[in-house]
Amino acid sequence: MTANASTPRVALVTGTSSGIGEAVVRHFCEQGHQVLAVDFNPAGKEVAERAGAAFFQADLTDGEACKAAVADAVKRFGRVDILVNNAGVQHVSPIEEFPETKWRQIIDLMLTAPFLLTQAAWPSMRENGWGRIVNIASVHAQVASPGKSAYISAKHGMIGLTKTAALEGGSQGITANAICPAYVKTPLVDNQIADQAKMHGMQEQEVIEQIMLKNAAVKRLIEPAEVAELVGYLASDLAGAVTGASWNIDLGWTAQ
Ligand code: NAD
């Protein structure tokens, strides 16, 4: 092995104005990587700059914006070594009532954008003989729950994309892995707690304990920094033999 775990790299991370993406940007900056944080929320600029990252504003449901984000990273830093596909949203309603526009938005953002970003970053990784793709999937890439058809379909698809990228990248120094967290303490989950409390006429703490942690062996929510730590490992030189895998941080949810 010629490099250690903290060789400085160029990383592009999506969905960085809060939650897991913000924690990943902070973690990478602390490791000395050059980071381009990509988000459609302009508030992400301040979040990125506070961590020491550059910011590119893009609505990743737009394919051209995905390509522009990678082009911006290459223009600023000369290459892309690490791609973390993290941006995501949730919409909960039964299949019968699920709005087509929401379905398309979720598939565009959480399956098509990771594909287009991977495709756009690939030449740079191939030319350098080194690349790391880390896809933030979900425990819902492995099991389903009612009301989340688009999210669950996108996340299951993301595992297929991860495995294919791993097979194609193996001979080129490019690895691809997915991380599958259960509920992480982020705005995405805060909104769900509030919605479900309203829907079920429950207190928010009851939603956490009786719904979100129902299948969990470890009865607590996950911290974004715990996910960022695993992203850091999978993006490191040390993880060169690790590819095509799904990494659960799921409080034991899928152990049963
Ligand atoms: P979050 O809401 O804190 O972060 C999502 C980010 O994506 C935000 O910065 C948001 O601005 C950005 N985003 C949304 N739509 C976008 C668009 N069209 N273009 C560009 N950026 C956009 O949520 P989070 O919980 O940190 O989620 C991050 C990822 O982790 C998501 O893919 C989510 O599915 C996944 N995940 C979260 C949990 C959890 O419990 N929080 C569990 C499993 C998987």
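Rules of the game
Residues numbered from 1 in each chain as written. Predicted model: local features only at pLDDT ≥ 70, side-chain atom pairs only at ≥ 80, totals over all residues. Heavy atoms only, no water. Phe/Tyr/Trp six-rings, centres within 6.5 Å; stacked < 30°, edge-to-face > 60°. Lys NZ or Arg CZ within 6 Å of the ring centre and 35° of its normal. Near = heavy atom within 4 Å. Polar contact = N/O pair within 3.5 Å; in protein donor to acceptor, adjacent residues only side chain to side chain. Areas by Shrake-Rupley, 256 points an atom, 1.4 Å probe, with all protein chains shown as cover. 1 Å grid on protein atoms, 1.4 Å probe; cavity = no way out; pocket = protein on both sides within 12 Å on 5 of 7 lines; lining within 4 Å. Sits in = over half its atoms within 2 Å of the grid points. Helix = DSSP H or I, 4+ residues; strand = E, 2+ residues; numbered from the N terminus. Nonpolar A, V, L, I, M, F, W, Y, C, P; charged D, E, K, R; others polar. Points joined across faces, edges and corners; volume = space filled by probe spheres on them. Pairing = 2+ DSSP bridges. Axes fitted to C-alpha atoms, helices over the stretch in contact; angles between N-to-C directions. Buried < 20%, exposed > 50% of the residue type's maximum accessible area, 1.4 Å probe, protein only. Contact = heavy atoms within 4.5 Å. Left-handed = near helix turned anticlockwise from the far one by under 90°.

Caption draft 1: Representation of the packing of aromatic side chains in the model. Under the criterion given, the structure shown has two aromatic pairs. Positioned above the aromatic ring of Trp-130, the side-chain terminus of Arg-9 is 3.6 Å from the ring centre. Looking at Arg-132, its charged tip hangs above the ring of Trp-130, at a distance of 4.2 Å from the centre.

Caption draft 2: Geometry of the site of the ligand. Every one of the 31 residues lining the ligand counts as a neighbour, but Asp-39, Asn-86, Tyr-151, Val-184 and Thr-186 are closest to it. At 2.7 Å from an oxygen atom of the ligand is found a side-chain nitrogen or oxygen belonging to Ser-18. Asp-39 has a polar side-chain atom sitting 2.5 Å from an oxygen atom of the ligand. The protein chains hide 95% of the 830 Å² of surface that the ligand would expose on its own. Judged by the fraction of its atoms near the pocket grid, the ligand is located in the largest pocket. For the shell around the ligand, the secondary structure elements donating two or more residues are helix 1 (19-30), helix 5 (149-169) and helix 6 (187-200). With three residues, the top contributor of residues to the shell around the ligand is helix 6. Its residues assigned to classes, the shell around the ligand shows 17 nonpolar, eleven polar and three charged.

Caption draft 3: Local environment of the layout of surface pockets. Of the volumes computed, that of the largest pocket is approximately 770 Å³. Lining of the largest pocket is provided by 41 residues; of these, Asn-86, Ala-87, Gly-88, Val-89 and Leu-188 occupy positions nearest its centre. The set of elements that each furnish at least two residues to the lining of the largest pocket consists of helix 1, strand 2 (34-39), helix 4 (100-128), helix 5 and helix 6. Tallying contributions element by element places helix 6 first for the lining of the largest pocket, with five residues. Grouping the constituent residues of the lining of the largest pocket by class yields 21 nonpolar, 16 polar and four charged.

Caption draft 4: How the structure looks around the sheet that holds strand 3 (residues 54-57). The seven strands are arranged 3-2-1-4-5-6-7 in an open sheet whose pairing can be described as parallel. The open sheet is flanked by strand 3 and strand 7 (246-249), the only strands paired with a single partner. Averaged over all pairs of adjacent strands, the angle between their axes in this sheet comes to 20°, without regard to strand direction. Here strand 1 (residues 10-14) pairs with strand 4 (residues 82-85) via three bridges, running parallel.

Caption draft 5: Structural context of the side chain of Asp-72. Within the secondary structure, Asp-72 sits in helix 3 (residues 63-77). With relative accessibility at 14%, the residue Asp-72 sits in the buried group. Among the polar contacts made by the side chain of Asp-72, one reaches the side chain of Arg-76 at a distance of 2.6 Å. Not counting residues up to four positions away in its chain, the partners in contact with Asp-72 are Leu-36 and Phe-56.

Caption draft 6: Geometry of the packing of helix 3 against helix 4. The geometry of helix 3 relative to helix 4 is characterised by a closest axis approach of 9 Å and an angle of 35° between their N-to-C directions. Of the two possible hands of crossing, helix 3 and helix 4 adopt the one that is right-handed. Side by side, helix 3 and helix 4 meet where Gly-63, Cys-66, Ala-69 and Val-70 of the first sit next to Ala-113, Leu-116, Leu-117, Ala-120 and Ala-121 of the second. Here the residues of the contact of helix 3 with helix 4 are counted per class, giving eight nonpolar, one polar and no charged.

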